[in-house]
Amino acid sequence: MLFSKRKSVSVCIPLYGTEEYLLRCLESVSKQNYDRAEIIVVDDCSPSRNEISAKEIIARFKKTSKIPVTYIRHKENLGLVEARRTAVYEAKGDYILILDSDDQLADGAIKVLYEKALESGADIVHGKADAFFSETSLAELDEQQTENYRQIILSKINKVNLGELSGADILSGYFENSNHGGILWAKLIRQEVYLEAFSHIPPIFCTMAEDVVQYFWIASCAKKYAGIEDVVYIYSINTGISSRTKIESLDRWEKVCSTSSVFTAIYTELQSMEESGQKILTPRQHSYLDGLCRFYIKNNLAQLKSAVIPELQEEAKRLLYDYWGENFVKKIESETAE
């Protein structure tokens, strides 16, 4: 098989407020011993509260690593979807490998994923993940409780179909059969497919369900999926934004409500395509999408009750109505109360 003159794999790393983990993340790529990869770091206007900037960290990394690194900084915070869009558009590789800046690649990950892609011709190659705690905020838990929690996390992130899926079976496998998960990392994704997926996604800001809107279209556009047993990703537990954190500002609450934009984007594009005669979803898949949308509204309602401070409850609920639609939210509330 002839090799492309392009880089074979572009490792795309979005960054926002996680500079303290960036060097560890970059080094996990350099340890791959894979000379046909590149790294693209998209700094989503990360706040300058760290002692050392991402640009400085990357400059130091370049002195010891032969892997080419492209650094791009957004002029304003656009959110994870747009940071990934910037990286994918910039990528020169045949395949995209998403890596969050507080996580790491497992040893040999790129090689095993890429070899499976060549062997199978798959647009998506999906591997497994391991997980570890990198912070001490769960120090109140004993060793057994910590391990139990880790196993729960692993059961959620390791939904990998170890066979192959083709065509419409990829989306139905994700949506209807739940035989593989929609988390974007631990997947090697053909760049052409990722670009096609982004053509269906308008500019969007959200802080939850970011993977849903991307993988929905990736799974719709891909022609072949292959899953492997190998652990390719090391997930860092408890370094991101937690839904358990007390919400003490409307700005923070508005970011939670922005989940609605994910489903607005999906439903709007589906309607446009269906009006032009393109049928993407079966009636059963439409029902699943509706159920997923309701799940996230219920999650927002639960956070409103448990996380938003009492002084903001009334204004926060009005914001929830603004984002999701008052009648729709009230309907979900009444169904939940029954």
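Before reading on, note that the structure itself is shown above.
What you see is a predicted model; the values in this text were computed from it and never measured.

Conventions and cut-offs
Residues numbered from 1 in each chain as written. Predicted model: local features only at pLDDT ≥ 70, side-chain atom pairs only at ≥ 80, totals over all residues. Heavy atoms only, no water. Helix = DSSP H or I, 4+ residues; strand = E, 2+ residues; numbered from the N terminus. Rg over C-alpha atoms; globule rule 2.2 N^0.38 Å. Buried < 20%, exposed > 50% of the residue type's maximum accessible area, 1.4 Å probe, protein only. Contact = heavy atoms within 4.5 Å. Lys, Arg positive; Asp, Glu negative; His and termini not counted. Charge placed at Lys NZ, Arg CZ, Asp CG, Glu CD. Axes fitted to C-alpha atoms, helices over the stretch in contact; angles between N-to-C directions. Parallel < 35°, antiparallel > 145°, perpendicular 65-115°, else oblique. Left-handed = near helix turned anticlockwise from the far one by under 90°. Nonpolar A, V, L, I, M, F, W, Y, C, P; charged D, E, K, R; others polar.

Caption draft 1: Focus on the overall build of the chain. Secondary structure summary: the chain contains 13 helices and nine strands in total. Computed over the C-alpha atoms, the radius of gyration of the chain is 20 Å, within 12% of the 20 Å expected from 2.2 N^0.38 for a compact globule of 338 residues. On the principal axes, the C-alpha backbone points of the chain span a range of 60 × 50 × 45 Å. Counting every position in the chain, which comprises 338 residues, the buried fraction comes to 50%. Long-range pairs, those at least 24 residues apart, make up 84% of the contacts in the chain between residues at least 6 apart in sequence. Placing the 40 positive and 50 negative side-chain charges of the chain at their respective mean positions leaves the two points 4 Å apart.

Caption draft 2: Focus on the packing of helix H9 (residues 250-257) against helix H12 (residues 313-324). Running from amino to carboxyl end, H9 crosses H12 at an angle of 30 degrees, the nearest separation of the two axes being 10 Å. Comparing their axes, H12 and H9 come out roughly parallel. Considering the relative orientation of H9 and H12, their crossing is right-handed. Note on element contacts: H12 touches H9 through Glu315, Ala316, Leu319, Leu320, Tyr323 and Trp324, opposite Leu250, Trp253, Glu254 and Cys257. For the contact of H9 with H12, the class distribution of residues is eight nonpolar, no polar and two charged.

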